[in-house]
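This is what each chain is made of:
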Amino acid sequence: MTVQIGAMFLREWVPERIPAYARMLEAAGFDDLWIIEDAFFNGGISGAAVALGATERLHVGIGVQPAVVRNAAYNAMDLATLARCFPGRLEIGLGHGVAEWVHQVGAFPSSQVQALEQHTQVLRALLAGETVSIESPDLHLEAVALEYPPSTIPRVSLGVTGPKSMQMSGRVADGTIMVELTGPALVRSNLNLIRTGQLAAGRAGTLHQVTVFAYWRLDDDREAARAAVRPMLAARLIASDMRELGAAGLAEDARQLLAQVGAEDFATVVPDRWIDEMAVVGDVNDCREVIARLEQSGVQRVGLVPPIEASFETISSWAGALLANRF
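Residues numbered from 1 in each chain as written. Predicted model: local features only at pLDDT ≥ 70, side-chain atom pairs only at ≥ 80, totals over all residues. Heavy atoms only, no water.

**Q** Is there a simple way to think about the layout of surface pockets in this case?
**A** If you roll a probe as big as a water molecule over the atoms, it shows you where there is empty space left. Size it by volume and the second largest pocket reaches roughly 170 Å³. Among the elements that take part in the lining of the second largest pocket, helix 5 (residues 112-127) stands out by supplying 3 residues, more than any other. A class-by-class count of the residues in the lining of the second largest pocket yields 7 nonpolar, 3 polar and 2 charged. (1 Å grid on protein atoms, 1.4 Å probe; cavity = no way out; pocket = protein on both sides within 12 Å on 5 of 7 lines; lining within 4 Å. Points joined across faces, edges and corners; volume = space filled by probe spheres on them. Helix = DSSP H or I, 4+ residues; strand = E, 2+ residues; numbered from the N terminus. Nonpolar A, V, L, I, M, F, W, Y, C, P; charged D, E, K, R; others polar.)

Below you can see the structure in the form of structure tokens.
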């Protein structure tokens with residue numbers, strides 16, 4: 001098994017815990033740490049800098065920046081600095097941002113897809129040492145070039161969900177980050193959209209890295225593990241109108257079930273097979289099997305999302321069991 005395995009630093013954890021967490025992940029054998037940037041919690045770039053400085057080999061991903069709230073040139077400056085100081089260890093994730101939060105800071109673009117596409121193209125060009133000029137409703141640059149572009153150019157992946165954005169990721173990005181509850185069926189569906197975008201941009205066959213974030217609960221008691229993630233999974237399904245279940249042919253069943261029992265009781269009736277499709281839960285073998293299915297569907301990196309209440313010692317113990325002999 002060659003899939004890279006990482007863990008997420010949750011937004012609910014205070015930033016001063018980042019160095020210890022990063023060192024723990026590195027010592028436990030994880031490949032990656034993902035720093036989440038949600039409004040108005042921890043900063044993605046600053047958090048990544050702290051984690052990179054605290055470790056020696058760990059890859060650190062920013063997952064994901066709301067691209068439109070930053071000027072693309074200044075974003076490139078900050079990210080190039082990290083890439084130069086820690087070559088080959090930075091993973092960049094960009095996204096549209098949650099619309100409510102982007103409106104809240106007065107940065108909502110004229111077109112979400114176009115704004116993210118342009119930011120991605122400009123950022124990748126600047127990191128590659130190119131000179132960029134662009135004029136659009138959401139972005140204006142005049143002959144901008146970085147004085148210190150990185151020699152090892154970091155990947156830029158897009159954390160997106162919709163079909164149009166998936167195709168756009170294939171057109172302009174180096175990879176795609178797929179959010180929690182993305183099972184193997186949805187990975188394959190999204191990859192078809194990504195490849196359509198690659199084909200339209202003349203990038204067919206270009207390596208495109210797929211990262212999936214997944215809720216994680218390791219417990220020898222499989223039922224206890226499922227029960228622990230069931231409320232989070234149910235709440236997210238309700239919020240997303242069951243899109244994650246569509247690729248597996250279960251969306252209509254889920255909507256009917258929600259209509260029958262209501263939102264308050266939905267978590268109590270979520271079937272085990274949905275959890276097993278969309279989360280890394282159960283004993284060591286259960287968790288490894290889910291990761292293996294994700295890899296077989298086309299995933300190169302898995303970012304495990306631990307429970308909020310889990311201690312670092314617990315996460316380290318789970319990691320030791322999960323990563324023993326790397327499957």
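**Q** Even after reading the chapter, I still don't get helix 6 (residues 163-172), so can you show me in this structure?
**A** Count 3.6 residues to each turn of an α-helix, and residues three or four apart come out pointing the same way. Listed as buried for helix 6 are Ser165, Met166, Met168, Ser169, Gly170 and Val172. Contacts from the buried residues of helix 6 go to helix 5, strand 7 (155-159), strand 8 (175-178) and helix 7 (184-200). (Buried < 20%, exposed > 50% of the residue type's maximum accessible area, 1.4 Å probe, protein only. Contact = heavy atoms within 4.5 Å.)

**Q** Is there a simple way to think about the pairing of strand 1 (residues 4-9) in this case?
**A** Remark: a regular strand shows side chains that alternate across the two faces of the sheet. When you tally the buried positions in strand 1, you get 5 out of 6 residues, the bulk of the element. In the sheet, strand 1 pairs with strand 11 (residues 301-305) via 4 bridges, with the strands oriented parallel. Among the inter-strand pairings, Ala7 is bridged to a residue of strand 11, identified as Leu304. Sheet topology note: the strand 1/strand 2 (residues 32-35) ladder contains 4 bridges and is parallel. Paired with Phe9 across the strands is Ile35, a residue of strand 2. On the question of chirality, the crossover connecting strand 1 to the parallel strand 2 by way of helix 1 (residues 18-28) is right-handed. (Pairing = 2+ DSSP bridges. Right-handed = clockwise from strand over helix to strand, strands pointing away.)

**Q** Could you clarify how one ought to interpret the packing of aromatic side chains in this entry?
**A** Aromatic ring pairs are reported here in terms of the distance separating the ring centres and the angle at which the planes meet. Enumeration according to the criterion identifies 9 aromatic pairs in this entry. An angle of 65 degrees between the planes, with centres 5.7 Å apart, marks the rings of Trp13 and Phe312 as edge-to-face. Taken together, the residues Trp13 in the loop between strand 1 and helix 1 and Phe312 in helix 14 (residues 312-322) connect sequence positions 299 residues apart. Considered together, Trp13 and Phe312 belong to a single accessibility category, that of buried residues. Three or more aromatic residues joined by ring pairs make a cluster, and in this case those are Phe9, Trp13, Tyr21 and Phe312. Directly above the ring of Trp13 sits Arg17, whose terminal nitrogen or CZ lies 5.6 Å from the centroid. (Phe/Tyr/Trp six-rings, centres within 6.5 Å; stacked < 30°, edge-to-face > 60°. Lys NZ or Arg CZ within 6 Å of the ring centre and 35° of its normal.)

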